[in-house]
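Residues per chain, in single letters:
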Amino acid sequence: MADMTRRTLLFSAAALGVGALAACSTAQKPDGRPVASDLASGHGGRFGIGDYNTQEVADELGHIQEKVRPLPGKDTQRILVTGSTGGLGQLTAAHLLARGHRVVAHARNDQRAADVRRDLPGLEAVVTGDLKNLDETRRLAARINELGSFDVIVHNAGEYGVSNEEILNVNSLSPYLLTSLVDPPRQSVYLTSDLHLGGDLKLDELREGGTDVTYEDSKLQFLTLAMAVARHRPGTRVNAVAPGWVPTMMGFANGPYAPDDLRAGYQTQVWLAEATERASRGTAGFFFHQEPENDVHASAGDTRAQGDLLDAYAQRTGVTLR
């Protein structure tokens, strides 16, 4: 599918579906499986099919566990993936784990933590904390630091189709807090979206304690944060990824159609984390399916906008980026 067509579909889905999803948490796919947010509370069977994972994600998890083998030699890393109990986060964690890396997963609650331990045996640890609650996020940062340093942190967790306050907390304020409070890794990867193109930084909303931040706004804030971190931490590698519209629970939020390739949707995160190719070893990049994404909102690369966003975050949270 052409890139412009993909973007048109994404914007159409966002415009038409957010309100419907928020009001219809028990909506069903044509085969009868329920549709829910990718961070929904889950306690289903293996891989949470129909609860927090689609059949497509479960099939891919099975493929990873059956087919993916450890890297030759001992060139492995210690990696944390947030939001890794379902969808792209779980696929990223599963693939890195199968490759022999030491992986720490993140769950929103104890039930989901138990589920991911069951589904991804071999995890080094699972840390819990609901990113909708900023106090929990602060405690989560402390727990992560207690585990010691990481080579890579993949900021994957995200919400869609919930209240604007929850979107702001999960997609924007919590990642900022984790970035600021957790000891910096050698590499950070931030998952954003092409929908950031329709967003606004909403700096006054951040400064004044408001919550009028849409999904598109939050993903622009997130991408701009990533580029700001890349500039402020020149000794580390920081990149952003747009995974595409893929068949996860979030991808199916507006109906059972997602045009992008699921495997490609998480492989860029793996590619960046492992950094086995020259193209994956840079910083301040924005990628779609391992290729540079050139259609970027002007604010993301604007150093003044980056600084204004960091100031607004600091004012809102009382925490300054180190």
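Residues numbered from 1 in each chain as written. Predicted model: local features only at pLDDT ≥ 70, side-chain atom pairs only at ≥ 80, totals over all residues. Heavy atoms only, no water.

Our next topic: the overall build of the protein chain. Counting its regular elements, the protein chain contains 11 helices and eight strands. Counting across all 322 residues of the protein chain, residues that qualify as buried make up 58%. Relative to all contacts within the protein chain whose residues are 6 or more apart in sequence, the contacts with residues 24 or more apart total 72%. Surface accessibility of the protein chain: about 12,700 Å² in total, with carbon and sulfur atoms responsible for 49%. (Helix = DSSP H or I, 4+ residues; strand = E, 2+ residues; numbered from the N terminus. Buried < 20%, exposed > 50% of the residue type's maximum accessible area, 1.4 Å probe, protein only. Contact = heavy atoms within 4.5 Å. Areas by Shrake-Rupley, 256 points an atom, 1.4 Å probe, with all protein chains shown as cover.)

Tallied over the full model, the rule gives five aromatic pairs. Taken together, a centroid distance of 4.5 Å and an interplanar angle of 15° make the contact between Tyr176 and Tyr313 stacked. Of this pair, Tyr176 sits in helix 6 (residues 164-181) while Tyr313 sits in helix 11 (residues 303-317), and the two are 137 residues apart along the sequence. Residue Tyr176 is classed as buried on the basis of its relative accessible area of 0%. Here Tyr313 falls in the buried class, since its relative accessible area comes to 0%. The ring centre of Phe150 lies 4.5 Å from the NZ or CZ of Arg78, which sits over that ring. (Phe/Tyr/Trp six-rings, centres within 6.5 Å; stacked < 30°, edge-to-face > 60°. Lys NZ or Arg CZ within 6 Å of the ring centre and 35° of its normal.)

Right, let's get into the side chain of Thr54. If you trace the backbone, Thr54 turns up in the loop between helix 1 (3-23) and helix 2 (55-67). At 3.2 Å, the side chain of Thr54 forms a polar contact with the backbone nitrogen of Val57. A distance of 2.7 Å separates a polar side-chain atom of Thr54 from the backbone oxygen of Pro247. (Polar contact = N/O pair within 3.5 Å; in protein donor to acceptor, adjacent residues only side chain to side chain.)

Glancing now at the environment of Thr211. With respect to the helices and strands, Thr211 occurs in the loop between helix 7 (203-207) and helix 8 (215-232). The exposure class of Thr211 is partly exposed, given its relative accessible area of 31%. Spatially, the C-alpha atom of Thr211 lies 8.8 Å from that of Ile167, the residues being 44 residues apart in sequence. Setting aside residues no more than four positions away along its own chain, Thr211 makes contact with Asn164, Glu165, Leu168, Glu205 and Arg316.

This brings us to helix 5 (residues 134-146). In a regular helix each residue adds 1.5 Å, so 13 residues correspond to 18 Å; helix 5 covers 19 Å between its end C-alpha atoms and thus fits that length. Here the buried face of helix 5 lies against strand 1 (78-81), strand 2 (102-107), strand 3 (125-128) and helix 6. Where helix 5 begins, the capping side chain belongs to Asn133, and its oxygen is found 2.9 Å from the backbone nitrogen of Asp135. Phi turns positive, to about 100°, at Gly148, one or two residues after helix 5. (Expected span 1.5 Å × (residues − 1).)

The next subject is the nonpolar core. Formed by 36 residues in total, the largest nonpolar core has its most connected members in Leu91 and Leu123. If you list the elements that add at least two residues to this core, you get helix 2, strand 1, helix 3 (87-98), strand 2, helix 4 (110-119), strand 4 (152-155), strand 5 (187-191) and helix 9 (262-274). Considering each element in turn, this core owes the most residues, seven residues, to helix 3. With sequence-adjacent residues up to four places away left out, Leu91 is seen in contact with Val57, Glu60, Leu61, Ile64, Leu262 and Tyr266. Grouped together as the second largest cluster of nonpolar side chains are 30 residues, Val238, Leu309, Tyr313 and Val319 included. (Core = buried A, V, L, I, M, F, W, Y, C linked by side-chain atoms within 4.5 Å.)

As a further point, take the pattern of salt bridges. Working definition: two side chains of opposite charge can pair if their charged atoms are close together. According to the stated counting rule, one finds 12 salt bridges in the structure shown. The salt bridge partner of Asp130 is Arg108, with a shortest N-O separation of 3.4 Å. Remark: Arg108 occurs in the loop between strand 2 and helix 4 and Asp130 occurs in the loop between strand 3 and helix 5; sequence separation between them is 22 residues. By relative accessible area, Asp130 is classed as buried at 17%. Notably, a salt bridge pairs Lys132 with Glu166, separated by 3.8 Å at the nearest N-O pair. Residue Lys132 is found in the loop between strand 3 and helix 5, and its partner Glu166 is found in helix 6; the two are separated by 34 residues along the sequence. A network of salt bridges, in which partner residues are shared, links Asp115, Arg118 and Asp119. (Salt bridge = Lys/Arg side-chain N within 4 Å of Asp/Glu carboxyl O.)

The buried fraction of strand 2 amounts to five of the six residues, a majority that puts the element mostly inside the structure. Viewed along the sheet, the connection from strand 1 through helix 3 into strand 2 turns out right-handed. As paired strands, strand 2 and strand 3 are joined by four bridges and run parallel to one another. Looking across to strand 3, one finds that Ala107 is bridged to Thr128. Taken together, strand 2, helix 4 and strand 3 constitute a β-α-β crossover, and its handedness is right-handed. (Right-handed = clockwise from strand over helix to strand, strands pointing away. Pairing = 2+ DSSP bridges.)

So, about the sheet that holds strand 4. The eight strands lie next to each other as 3-2-1-4-5-6-7-8, forming an open sheet whose pairing is mixed. Each edge of the open sheet is held by one strand with a lone partner, namely strand 3 and strand 8 (291-292). Bridging between strand 5 and strand 6 (residues 237-241) involves five bridges; their strand directions are parallel. In the strand pairing of strand 6, Ser188 is matched with Val238. Against the sheet, helix 3 makes contact with strand 1, strand 2 and strand 5, and its axis sits at roughly 165° relative to strand 1, the strand it touches most. (Axes fitted to C-alpha atoms, helices over the stretch in contact; angles between N-to-C directions.)

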